[in-house]
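# Structural features, examined
Each chain, letter by letter, is given below.
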Amino acid sequence: QVQLVESGGGLVQAGGSLRLSCAASRSIFSVNAMGWYRQGPGNQREMVAFMLGSGVLNYGDSVKGRFTISRDGAKNTMYLQMNSLRPEDTAVYYCFVDVGSPGAPLLRYWGQGIQVTVSS
């Protein structure tokens, strides 16, 4: 079992920055992928950023150049640094970790979701 706890959300003015954290309750040895989704008012859930176990990074087109995903293995924590925030970034952000092992299906663990609100 893995618990993911998110923190760092809140209210920020357009052009500002926030850093979201996603802390796992224990070390995970077989991470297939980890990353962030978001769902804004009236919008479908969209992928924001993810990192493969190999370290390869991917970003949604709308956040490229503004957001950065990273991790600190010693702290069992993943981060999403969000710069140059826009009102359209307003959403609930969910972190996830996909855990796999040889011959077994992937298991996806989710954070509880955290609100990010960007004012004009």
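As a reminder, the structure under discussion sits directly above these lines.
Notes on the structure follow.

What counts as what
Residues numbered from 1 in each chain as written. Predicted model: local features only at pLDDT ≥ 70, side-chain atom pairs only at ≥ 80, totals over all residues. Heavy atoms only, no water. Helix = DSSP H or I, 4+ residues; strand = E, 2+ residues; numbered from the N terminus. Rg over C-alpha atoms; globule rule 2.2 N^0.38 Å. Buried < 20%, exposed > 50% of the residue type's maximum accessible area, 1.4 Å probe, protein only. Contact = heavy atoms within 4.5 Å. Lys, Arg positive; Asp, Glu negative; His and termini not counted. Charge placed at Lys NZ, Arg CZ, Asp CG, Glu CD. Pairing = 2+ DSSP bridges. Axes fitted to C-alpha atoms, helices over the stretch in contact; angles between N-to-C directions. Phe/Tyr/Trp six-rings, centres within 6.5 Å; stacked < 30°, edge-to-face > 60°. Lys NZ or Arg CZ within 6 Å of the ring centre and 35° of its normal.

### Re the overall build of the protein chain
- Within the protein chain, the secondary structure is distributed over zero helices and 11 strands.
- The linear arrangement of helices and strands in the protein chain, starting from the amino end, is β-β-β-β-β-β-β-β-β-β-β.
- Here the protein chain has a C-alpha radius of gyration of 14 Å; the compact-globule value for 120 residues is 14 Å, and the two agree.
- Projected onto its principal axes, the C-alpha coordinates of the protein chain cover approximately 50 × 25 × 25 Å.
- Per-residue burial for the protein chain yields a buried fraction of 39% across its 120 residues.
- Partitioning the contacts of the protein chain with sequence separation of at least 6, the portion at a separation of at least 24 is 54%.
- A distance of 5 Å separates the average location of the 10 positive side-chain charges in the protein chain from that of its 7 negative side-chain charges.

### Comments concerning the pairing of strand β11 (residues 114–119)
- Here β11 shows a buried face lined by Ile114, Val116 and Val118 and an unburied face lined by Gln115, Thr117 and Ser119.
- Pairing analysis gives four bridges linking strand β2 (residues 10–13) to β11, with the strands arranged parallel. Bridge pairing in β11 links Gly10 to Val116.
- As paired strands, strand β9 (residues 91–99) and β11 are joined by three bridges and run antiparallel to one another. By the bridge assignment for β11, Tyr93 is matched with Ile114.

### Topic: the sheet that holds strand β1 (residues 4–7)
- In spatial order, the strands read β1-β3-β8-β7; together these four strands make up an open sheet with antiparallel pairing. Two strands bound the open sheet, and with one partner strand each, they are β1 and β7 (67–72). Across this sheet, the average inter-strand angle for adjacent strands is 15°, counted without regard to direction.
- Summarising the sheet, β7 and strand β8 (residues 77–82) pair through six bridges and their orientation is antiparallel. Along β8, the bridge assignment pairs Arg71 with Met78.

### What to know about the packing of aromatic side chains
- Per the counting criterion, the structure on display carries four aromatic pairs.
- Plain terms: the ring middles of Phe96 and Trp110 are 5.9 Å apart, the flat faces sit at 50° to each other, and that makes the pair tilted. Placement of the pair is Phe96 in strand β9 and Trp110 in strand β10 (residues 107–110), with a sequence separation of 14 residues.
- Against the face of Tyr37 rests Arg45, its NZ or CZ located 4.3 Å from the ring centre.
- The side chain of Arg108 reaches across the aromatic face of Phe96, ending 4.2 Å from its centre.

### A short note on unusual backbone geometry
- For Asn76, which is not glycine, the phi dihedral falls at a positive 55°.
- In the Ramachandran plot, Ser84 falls in the positive-phi region, its phi being about 50° despite a non-glycine side chain.
- For Ser84, a relative accessible area of 41% translates into the label partly exposed.

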